[in-house]
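Chain by chain, the residues run as shown.
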Amino acid sequence: MTPDDLFAAPSLADVLREMDIEFLVAGEYGITVDDAANFISNDHFLFLDVRTREEKDHLTFSFARHIPLHELPDRVDELPRDKFIITFCVSGFRAAMAYAFLRTQDFDEIKALKGRLDELAGAMTPGRFYRLGP
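Described in the following lines is the structure provided in the data block.

Definitions and cut-offs
Residues numbered from 1 in each chain as written. Predicted model: local features only at pLDDT ≥ 70, side-chain atom pairs only at ≥ 80, totals over all residues. Heavy atoms only, no water. Buried < 20%, exposed > 50% of the residue type's maximum accessible area, 1.4 Å probe, protein only. Helix = DSSP H or I, 4+ residues; strand = E, 2+ residues; numbered from the N terminus. Salt bridge = Lys/Arg side-chain N within 4 Å of Asp/Glu carboxyl O. Phe/Tyr/Trp six-rings, centres within 6.5 Å; stacked < 30°, edge-to-face > 60°. Lys NZ or Arg CZ within 6 Å of the ring centre and 35° of its normal. Core = buried A, V, L, I, M, F, W, Y, C linked by side-chain atoms within 4.5 Å. Contact = heavy atoms within 4.5 Å. Pairing = 2+ DSSP bridges. Axes fitted to C-alpha atoms, helices over the stretch in contact; angles between N-to-C directions.

### A look at the pairing of strand β2 (residues 45-49)
Item 1. The buried fraction of β2 amounts to five of the five residues, a majority that puts the element mostly inside the structure.
Item 2. On β2, burial covers both faces: Phe45, Phe47 and Asp49 on one face and Leu46 and Leu48 on the other are all buried.

Quick look at the structure:
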């Protein structure tokens, strides 16, 4: 092992090796909808919507940045490295894929939303929407 290896981003294989049963059961990769909703107006958190453009056209979240999963490898430089990123999609599958990809790109503060998109929409109370306004 060289000194450069100590600071290299993990490979996809490394990230997948971390995802054993203990990791998955503990939910280390994810964040619940209720917990995530508390961070919507926190500037340190960036919500990353990885749904397709067509899906976004049907339901838009004003507090999120949208980069479809299939575009993420080519647009990863658009993401700030000094923010905590929470990825989300309709079911959580693409959010988990985005989580794994971003880990390979040396993003450390990242979680995937555990839960369905309708749960996130349901967590948007009038009070939370009001705080997002001008």
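### Quick notes on unusual backbone geometry
Item 1. Backbone geometry places Asp106, a non-glycine residue, at a positive phi of 75°.
Item 2. Inspection of the secondary structure puts Asp106 in the loop between α7 (93-104) and β5 (110-114).

### Considering the pattern of salt bridges
Item 1. A full pass over the atoms with the stated rule returns five salt bridges.
Item 2. Measuring nitrogen to oxygen at the nearest pair gives 2.7 Å for the salt bridge that ties Asp49 to Arg51.
Item 3. On the basis of relative accessibility, which here comes to 2%, the residue Asp49 falls in the buried class.
Item 4. Of the residues examined, Arg51 reaches a relative accessible area of 1% and is grouped as buried.
Item 5. Arg94 is the salt-bridge partner of Glu55, the closest N and O atoms lying 2.8 Å from each other. With a gap of 39 residues between them, Glu55 in helix α5 (residues 53-58) and Arg94 in helix α7 connect regions that are remote in the sequence.
Item 6. Residues joined by salt bridges that share partners form a network here, namely Arg53, Glu71, Arg75 and Glu78.

### Re the packing of aromatic side chains
Item 1. Overall, the coordinates contain five aromatic pairs when judged by the stated rule.
Item 2. Sitting over the ring of Phe107, Arg81 keeps its end group 4.1 Å from the ring centre.

### Things to note about the nonpolar core
Item 1. One finds Leu48, Leu72, Leu79, Ile85 and Leu102 to be the most contacted residues of the largest nonpolar core, which totals 20 residues.
Item 2. At the level of secondary structure, the elements contributing two or more residues to this core comprise β2, α7 and β5.
Item 3. Counting residues per element, this core draws most heavily on α7, which supplies five residues.
Item 4. Leaving out residues up to four positions away in the same chain, Ile85 has contacts with Leu46, Leu48, Leu79, Pro80, Leu102, Phe107, Glu109, Ile110 and Lys111.
Item 5. Within the second largest apolar cluster, 13 residues are counted, among which are Ile31, Ala37, Phe63 and Phe88.

### Some details on the sheet that holds β2
Item 1. Strands sit in the order β1-β5-β4-β2-β3 across an open sheet of five strands; the sheet is parallel. The strands lining the two open edges of the sheet, one partner per strand, are β1 (30-32) and β3 (64-66). Adjacent strand axes in the sheet meet at a mean angle of 35° when their direction is disregarded.
Item 2. Alignment of β1 against β5, held across three bridges, turns out to be parallel. Across the sheet, Gly30 pairs through a bridge with Ala112, a residue of β5.
Item 3. Contacts between α7 and the sheet are confined to β2, β4 (84-88) and β5, with β5 contributing the most and set at about 175° to the helix.

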